[in-house]
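Next come the chains, spelled out residue by residue.
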Amino acid sequence: MNVCVIGTGYVGLVSGVCFSELGHQVYCVDHDSLKIDQLNEGISPIYEPGLQELMNKNRQAKRLIFTGDLQKAMADADAILIAVGTPANRDGSANLTFIKEVAIEIGQHIRPGMTIITKSTVPVGTNKKIKKWITLSCGHQQFSVASCPEFLREGSAIKDTLHMERAVFGVEDDLAESVLRALHEPIQTNIIVTTIETAETAKYAANAFLATKISFINEVANVCEGVGADVQSLAEIIGLDPRIGPSFLQAGVGYGGSCFPKDTQAFIRVAEDAGYDLQIVPAVEKVNAQQRQRLVQKLKTVYPGHYLREKRIAILGLAFKPNTDDMRASPAFEVVDFLQNEGATVIAYDPIASAQARRLMPELELALNWQEAVDQADALFVLTDWEEFKAIDLGELKRKMKKPVVIDGRNIFNPNHMKQMGFYYDSVGREIVDNRLSSLDGQLEYHSMPHRKAK
Ligand SMILES: NC(=O)c1ccc[n+]([C@@H]2O[C@H](COP(=O)([O-])OP(=O)(O)OC[C@H]3O[C@@H](n4cnc5c(N)ncnc54)[C@H](O)[C@@H]3O)[C@@H](O)[C@H]2O)c1
Ligand SMILES: O=c1ccn([C@@H]2O[C@H](COP(=O)(O)OP(=O)(O)O[C@H]3O[C@H](CO)[C@@H](O)[C@H](O)[C@H]3O)[C@@H](O)[C@H]2O)c(=O)[nH]1
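Basis of the calculations
- Residues numbered from 1 in each chain as written.
- Chains lettered and ligands numbered in written order.
- Predicted model: local features only at pLDDT ≥ 70, side-chain atom pairs only at ≥ 80, totals over all residues.
- Heavy atoms only, no water.
- UniProt positions renumbered as here; feature names shortened; annotations may be inferred.
- Near = heavy atom within 4 Å.
- Polar contact = N/O pair within 3.5 Å; in protein donor to acceptor, adjacent residues only side chain to side chain.
- Areas by Shrake-Rupley, 256 points an atom, 1.4 Å probe, with all protein chains shown as cover.
- Helix = DSSP H or I, 4+ residues; strand = E, 2+ residues; numbered from the N terminus.
- Nonpolar A, V, L, I, M, F, W, Y, C, P; charged D, E, K, R; others polar.
- Pairing = 2+ DSSP bridges.
- Axes fitted to C-alpha atoms, helices over the stretch in contact; angles between N-to-C directions.
- Core = buried A, V, L, I, M, F, W, Y, C linked by side-chain atoms within 4.5 Å.
- Buried < 20%, exposed > 50% of the residue type's maximum accessible area, 1.4 Å probe, protein only.
- Contact = heavy atoms within 4.5 Å.
- Arc of directions from axis to C-beta.
- Parallel < 35°, antiparallel > 145°, perpendicular 65-115°, else oblique.
- Left-handed = near helix turned anticlockwise from the far one by under 90°.
- Salt bridge = Lys/Arg side-chain N within 4 Å of Asp/Glu carboxyl O.
- Right-handed = clockwise from strand over helix to strand, strands pointing away.
- Phe/Tyr/Trp six-rings, centres within 6.5 Å; stacked < 30°, edge-to-face > 60°.
- Lys NZ or Arg CZ within 6 Å of the ring centre and 35° of its normal.

- An unreviewed UniProt entry annotates the protein as UDP-glucose 6-dehydrogenase of Shouchella xiaoxiensis.
- Turning to the protein, the UniProt annotation filed under Pathway (unreviewed entry) states: "Nucleotide-sugar biosynthesis; UDP-alpha-D-glucuronate biosynthesis; UDP-alpha-D-glucuronate from UDP-alpha-D-glucose: step 1/1."

**Some remarks on the site of ligand 1**
Then comes step 1: Around ligand 1 lies a shell of 28 residues, among which D30, K35, T86, E154 and K262 are the nearest.
Then comes step 2: Between ligand 1 and Y10, the relevant distance is 3.0 Å, taken from an oxygen atom to a main-chain nitrogen or oxygen of the residue.
Then comes step 3: R328 places a side-chain nitrogen or oxygen 3.0 Å from an oxygen atom of ligand 1.
Then comes step 4: The fraction of the free accessible surface of ligand 1 (840 Å²) that becomes covered by protein chains is 91%.
Then comes step 5: Within the residue set of the shell around ligand 1, elements represented by two or more residues are α1 (10-21) and α5 (97-109).
Then comes step 6: For the shell around ligand 1, the leading source of residues is α5, giving four residues.
Then comes step 7: Looking at the shell around ligand 1, its residues break down into nine nonpolar, nine polar and 10 charged.

**With respect to the sheet that holds strand β1 (residues 2-6)**
Backbone hydrogen bonds are what pair the strands of a sheet, in a parallel or an antiparallel way.
Then comes step 1: Taken together, eight strands build an open sheet; the order of strands is β3-β2-β1-β4-β5-β6-β7-β8 and the sheet is mixed. Of all strands in the sheet, those bounded by a partner on one side alone are β3 (64-67) and β8 (190-194). Pairwise comparison of adjacent strand axes, ignoring direction, gives a mean angle of 25 degrees for this sheet.
Then comes step 2: Bridging between strand β4 (residues 79-82) and strand β5 (residues 115-118) involves four bridges; their strand directions are parallel.

**Description of the nonpolar core**
Then comes step 1: Among the nonpolar cores identified, the biggest contains 64 residues, and L299, I315, L318, L339, F381 and L397 are the most heavily contacted of them.
Then comes step 2: A per-element tally of this core places helix α13 (residues 331-341) first, with five residues.
Then comes step 3: Apart from residues no more than four positions distant in its own chain, L397 is found in contact with W370, V374, L380, I392, V406 and F423.
Then comes step 4: Counting residues in each nonpolar core, the second largest holds 36 residues, with V14, L54, A146 and I158 among its members.

**Focus: helix α10 (residues 231-239)**
An α-helix turns once per 3.6 residues; consequently, residues spaced three or four apart project the same way.
Then comes step 1: Taken together, the buried positions of α10 are occupied by V231, A235 and G239. Along α10, the residues classed as buried sweep out an arc of 70 degrees about the axis, all on the same side. Of the residues in α10, the exposed ones pointing more than 90 degrees away from the buried face are E236 and I237.
Then comes step 2: The distance from a side-chain oxygen at the start of α10 to the backbone nitrogen of Q232 is 2.8 Å, and the residue carrying that oxygen is D230.

**Structural notes on the UniProt feature "domain: UDP-glucose/GDP-mannose dehydrogenase C-terminal" (unreviewed entry) in the protein**
Then comes step 1: Those places that UniProt annotates as "domain: UDP-glucose/GDP-mannose dehydrogenase C-terminal" (unreviewed entry) correspond, in this numbering, to residues 314-415.
Then comes step 2: Taken end to end, residues 314-415 comprises 34% helix and 18% strand; its first and last C-alpha atoms sit 19 Å apart.

**Quick word on the site of ligand 2**
Then comes step 1: The environment of ligand 2 is made up of 20 residues, and the closest members are F151, L152, E154, K203 and C259.
Then comes step 2: Within the backbone of F151, one N or O atom sits 2.8 Å away from an oxygen atom of ligand 2.
Then comes step 3: R410 is positioned with one of its side-chain polar atoms (N or O) 3.0 Å from an oxygen atom of ligand 2.
Then comes step 4: Against a free-state accessible area of 690 Å², the protein chains account for coverage of 91% of ligand 2.
Then comes step 5: Where the shell around ligand 2 is concerned, the elements lending two or more residues are α9 (196-227) and α11 (260-273).

**Some thoughts on the packing of α9 against helix α12 (residues 280-297)**
Then comes step 1: Running from N to C, α9 and α12 cross one another at 50 degrees; their axes reach a closest spacing of 9 Å. Our classification of the angle between α9 and α12 gives oblique. Once α9 is placed against α12, the crossing between them reads as left-handed. Contact residues: A208, A211, T212, S215, N218, E219, N222 and E225 in α9; I280, V281, V284, V287, N288, Q290, Q291 and R294 in α12.
Then comes step 2: Its residues assigned to classes, the contact of α9 with α12 comprises six nonpolar, seven polar and three charged.

**Overview of the pattern of salt bridges**
Then comes step 1: Inspection of every chain in the model, using the stated rule, returns 19 salt bridges.
Then comes step 2: In this structure, the salt-bridge partner of K298 is D426, at a minimum N-O distance of 3.7 Å. Separated by 128 residues along the polypeptide, K298 in the loop between α12 and β9 (312-316) and D426 in strand β14 (residues 424-426) bring together distant segments of the chain. Here K298 and D426 have matching classes, each one buried.
Then comes step 3: Here the salt bridges share partners, and the residues they tie into one network are E225, R294, K298 and D426.

**A closer look at the environment of S93**
Then comes step 1: As for its placement among the helices and strands, S93 is situated in the loop between β4 and α5.
Then comes step 2: For S93, a relative accessible area of 17% puts it in the buried group.
Then comes step 3: If near-sequence neighbours (up to four positions away) are discounted, S93 is found in contact with P87, A88 and R269.
Then comes step 4: Among the polar contacts made by the side chain of S93, one reaches the side chain of D91 at a distance of 2.6 Å.

**Let's talk about the pairing of β4**
Residues in a regular strand project their side chains so that they alternate between the two faces of the sheet.
Then comes step 1: Every second residue of β4 is oriented toward a common face, with A79 and L81 on one face and I80 and I82 on the other, all of them buried.
Then comes step 2: In this fold, the crossover linking β4 to β5 by way of α5 has right-handed handedness.

**Thoughts on the pairing of β1**
Then comes step 1: Of all five residues that make up β1, four are buried, and the element is covered over most of its length.
Then comes step 2: Taken together, β1, α1 and strand β2 (residues 25-29) form a β-α-β motif whose crossover is right-handed.
Then comes step 3: Of the pairings in the sheet, the one linking β1 to β4 comprises four bridges and is parallel in character. Counterpart to C4 in the pairing with β4 is I80.

**Let's talk about the packing of aromatic side chains**
Then comes step 1: Taken as a whole and judged by the stated rule, the model has five aromatic pairs.
Then comes step 2: A ring pair is formed by F413 and Y425, whose centres lie 6.4 Å apart and whose planes are at 65 degrees; its orientation type is edge-to-face. Residue F413 is found in the loop between β13 (405-408) and α18 (415-420), and its partner Y425 is found in strand β14; the two are separated by 12 residues along the sequence.
Then comes step 3: Taken together, the aromatic side chains of F248, Y255 and F260 make up a single cluster linked through ring pairs.
Then comes step 4: It is K131 that lies over the ring of F143; its NZ or CZ is 5.0 Å from the centre.

Below you can see the structure in the form of structure tokens.
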């Protein structure tokens, strides 16, 4: 079938590439002409494993075309996918400016029988508005709208699309359902056909639930620190119960990214508009914000008072998660800010996100590799669980650092191993090894066991 995808960001580009891989003829449109030029040169503007290769394979097969010309892209389209951004307004509600612009532009080129499918994450009622905006623009209603929310994760977006766990079709009529079925035809998956309102709300509910799991395990981790329990072992124990499940129970510095922070906020606003005051989701956000603060405070144990002045602090990991260059709402922003405000000199390294960091954090000193970042550092924070960091030679790490202090915001190292190696090591919610400081031979100014509760 002929498909037009509007927006070539993380969702639009991945959808366009994957639907062309499935055999559809796909036009991808963006109003950012630099992006379109780059794509036409065969360069993906985002880092996503396998994306550039699959994109070029389908470009060469002429199944995938990038253009800034919406009219041309829509000319023969059966399905038009909207995949533009829905960032947060100041009050947390979803900003629909891009959606409205696109709807009006679609109305200028639409032909009877076309189906407009929203992939962007939008508040309930948005597809009705899209229908209204298109109608006002084209003067008729001989088209269908549908909500097909996107559930891909960055870092595994191709796999998540080609092998999706479910496809949700929020439809208003049989035409929209048949178009969505044909679009997804080669994919073996669970298909749920429902109302547009349910599909729209399901996306927010899914993200709010996943964020809740993370904040829940982070709270449990904080309790673990007080009672001397180990959150990773605990997560395994509770995760073996199929009613709970093992995923999204990784404690750490909290969630970031372009979705959870903005979608939890938007969901709160959606509920408010519907006359319901959400209780759980605001608490999830609060725990997430607190989690970053707790991590940086851990350094106070080592360097009290004006504890960071003239200290050199290394950061490993700037992306909000591994296998992406995306830094949107990354915990790194808050951690770096905090350390710099305390007078520390911060030097960071990320295997992929450094180019983004140069743009988004121009003041931040960037290292070319982890060795350069940790060289002569008084402490190291791990903020992203890249495989590269898990494989770090701990002997080399210790030799390079001025003080062997590691605060691990992603629990990537083994606490006992770190202790044996003579590190001062703290992580999130893991058993505190009682004599972890004794091996440092007085290298550190301050020794205490802050997490053990006095009984
Ligand atoms: N990033 C994810 O992992 C993810 C996953 C699921 C859902 N979503 C949702 O999908 C939507 C898109 O997210 P994203 O991360 O891909 O955003 P993005 O910012 O990476 O990409 C959006 C693209 O749309 C383009 N655009 C904006 N207005 C346009 C217009 N009028 N015409 C043509 N192009 C236009 C922008 O230039 C940009 O390239 C959001 O609603 C988001 O919440 C994102
Ligand atoms: O156990 C966990 C799992 C994740 N995270 C963090 O949570 C954030 C989000 O991770 P993840 O969900 O893997 O990445 P996203 O690409 O943001 O994907 C989420 O947001 C997308 C946009 O809506 C949805 O499509 C996906 O289904 C949903 O998982 C990251 O900072 C992770 O480090 C944790 O701290 N602990």
